[in-house]
Amino acid sequence: MRLEAPWALLVLLAIPVVVWLHVRRRRRGSLRFSSTRHAARAGRSLRQRLLWAPLALRVAVLVLLAVALARPQEGKEQVRDVSRGIAIEMVVDRSGSMNAEMDYEGERRNRLEVAKRVFEEFVVGGKGGLKGRGNDLVGMIAFARYPDTVCPLTLAHGALSRFLESVKLVQRRSEDGTAIGDALALAAARLQTAEETLARQTRGKDADYEIKSKVIILLTDGQNNCGKRTPAQAAALARDWGIKIYTIGVGGGDAVTTVRTPLGDYKVPVGPGVDEGTLKALADATGGTARLADDAESLRAVYREIDELERSEIESIRFLDYRELFPAFALAGLLLLVAEVALAATVFRRIP
């Protein structure tokens, strides 16, 4: 609570004057008696014992009116973040080769599962120093032979876990493949219309958010072997639209997966390995970086690097919303004043 006009409390200095005048006024009238001894033995009535009440009420009225004049206000501080955020499209490979194993927290999990978990840490914040991307538009595209939009660009990251659960390894042989070019082209198209997406989500009312830059993070363990567009064509499209591509190659040529049989578990080689040359060319063409990761910790290291390179700018605007409280004090003072006048004219009436 705060006082809008604290100088009004100077009225309280009048209280000693009011008390002095009241006491002085009471001493003016008197009657002489030869002796008051018998009257003293009779004791004091309730009225006599409460003779101080009108003065107390007058003092209370002055206090309440002084506080009301000072205009007490109850305020709540609010912070509005004006952000220059980043639009991020995660493009993740879900082809059959992503079934190869990686180390995650001391356990062996397939690459896709590890990629999903570390990406969630990157977005919401988590282990390995990842701070989260709370102020950024984030979306996800998964691809094998065909790319699919898993999660549209959104600021509501709470639903990300459910979207990630829907990303599974490709099940049909006819859908298997690695269409890097088509996946990147779809991601670039989604980012190109990011402003329209933001306007729909905020109903065109949020003028405090500006897309500072647009980024694609490509995570794959293979080589482009299908699709209508080549990675180079997709990179040219992204470059023309001012979109950076950060590439992460997962695993290497010696990747294996575990196959369980009645005779035991066997390690089977998976896929031809990462096309490092293509990934580097994609990054170089658009101003991004190309990195390799062979376990969860090295994958977090790559995300930490991206985290530092692509940070949102946030300016906090603080403002206070106040509610006036003086009417309650003024009303209480008025009621006490009415009570004092009524008592002075009835129960505590003095003659003369």
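Everything discussed here concerns the structure shown above.
These numbers come from a predicted model, not from an experiment. The residue count restarts for each chain, going from 1 along the sequence in the order it is written. Only residues with pLDDT of at least 70 are given local features in this predicted model, and only at 80 or more are side-chain atom pairs given and counted; all residues enter the totals for whole chains, interfaces and linings. Hydrogens and water molecules were not included; the side-chain quantities draw on all heavy atoms of the structure.

Further remarks concern the nonpolar core. The definition of a nonpolar core used throughout is a set of buried Ala, Val, Leu, Ile, Met, Phe, Trp, Tyr and Cys residues joined through side-chain atoms within 4.5 Å. Summary of the burial criterion: residues with accessible area below 20% of their type's maximum are buried, those above 50% are exposed, and those between are partly exposed, where the area comes from a 1.4 Å probe applied to protein chains only. Ranked by size, the top nonpolar core spans 36 residues in total, and within it Phe 119, Phe 122, Met 140, Ile 217, Leu 219, Ile 248 and Tyr 303 carry the most contacts. Elements are defined by DSSP. Helices are runs of H or I of four residues or more, strands are runs of E of two residues or more, and each kind is numbered from the N terminus. Element by element, the count of residues in this core is highest for helix α5 (residues 111-124), at seven residues. Any pair of residues with heavy atoms lying within 4.5 Å of one another is described as a contacting pair. The residues contacting Ile 248, other than those within four sequence positions of it, are Ile 217, Leu 218, Leu 219, Thr 220, Leu 279, Arg 291, Ala 293, Leu 299, Val 302 and Tyr 303. Residues Leu 137, Leu 153, Ile 180 and Ile 216 belong to the second largest nonpolar core, which totals 27 residues.

On to the environment of Val 61. Residue position: Val 61 is located in helix α4 (residues 53-69). Each C-alpha atom, one on Val 61 and one on Gly 333, is 4.6 Å from the other, the two residues being 272 residues apart in sequence. When residues no more than four places from it in sequence are discounted, the contact partners of Val 61 are Gly 333, Leu 336 and Leu 337.

Our next topic: the packing of helix α7 (residues 180-192) against helix α9 (residues 231-240). Relative orientation of the contacting elements α7 and α9 amounts to 15°, with a least axis distance of 7 Å. When the axes of α7 and α9 are compared, the pair comes out roughly parallel. In this structure, the crossing between α7 and α9 has a hand that is left-handed. Residue-level inspection shows Ile 180, Gly 181, Leu 184, Ala 185 and Ala 188 of α7 in contact with α9, the latter providing Pro 231, Ala 234, Leu 237 and Ala 238. Fitted lines through C-alpha atoms give the axes, limited to the stretch in contact for helices. The angle between two N-to-C directions lies from 0 to 180 degrees. Working definition: roughly parallel below 35 degrees, roughly antiparallel above 145 degrees, roughly perpendicular at 65 to 115 degrees, and oblique for all remaining angles. Each crossing gets its handedness from the near helix: less than a right angle anticlockwise from the far helix is left-handed, clockwise is right-handed.

Moving on to the packing of aromatic side chains. Stacked, edge-to-face and tilted are the three classes for Phe, Tyr and Trp ring pairs, Trp counted by its six-membered ring, which pair at centre distances within 6.5 Å; planes under 30 degrees apart are stacked, over 60 edge-to-face, the rest tilted. Inspection of the entire model under this criterion finds three aromatic pairs. Relative to Tyr 303, the ring of Phe 119 lies with its centre 6.5 Å away and its plane at 50°, an arrangement referred to as tilted. One end of the pair, Phe 119, is in helix α5; the other, Tyr 303, is in helix α11 (residues 296-309), and 184 residues separate them in sequence. Phe 119 gets classed as buried once you look at its relative accessible area, which sits at 1%. For Tyr 303, a relative accessible area of 0% translates into the label buried. Through a chain of ring-to-ring contacts, three or more aromatic side chains come together here, namely Phe 119, Phe 122 and Tyr 303.

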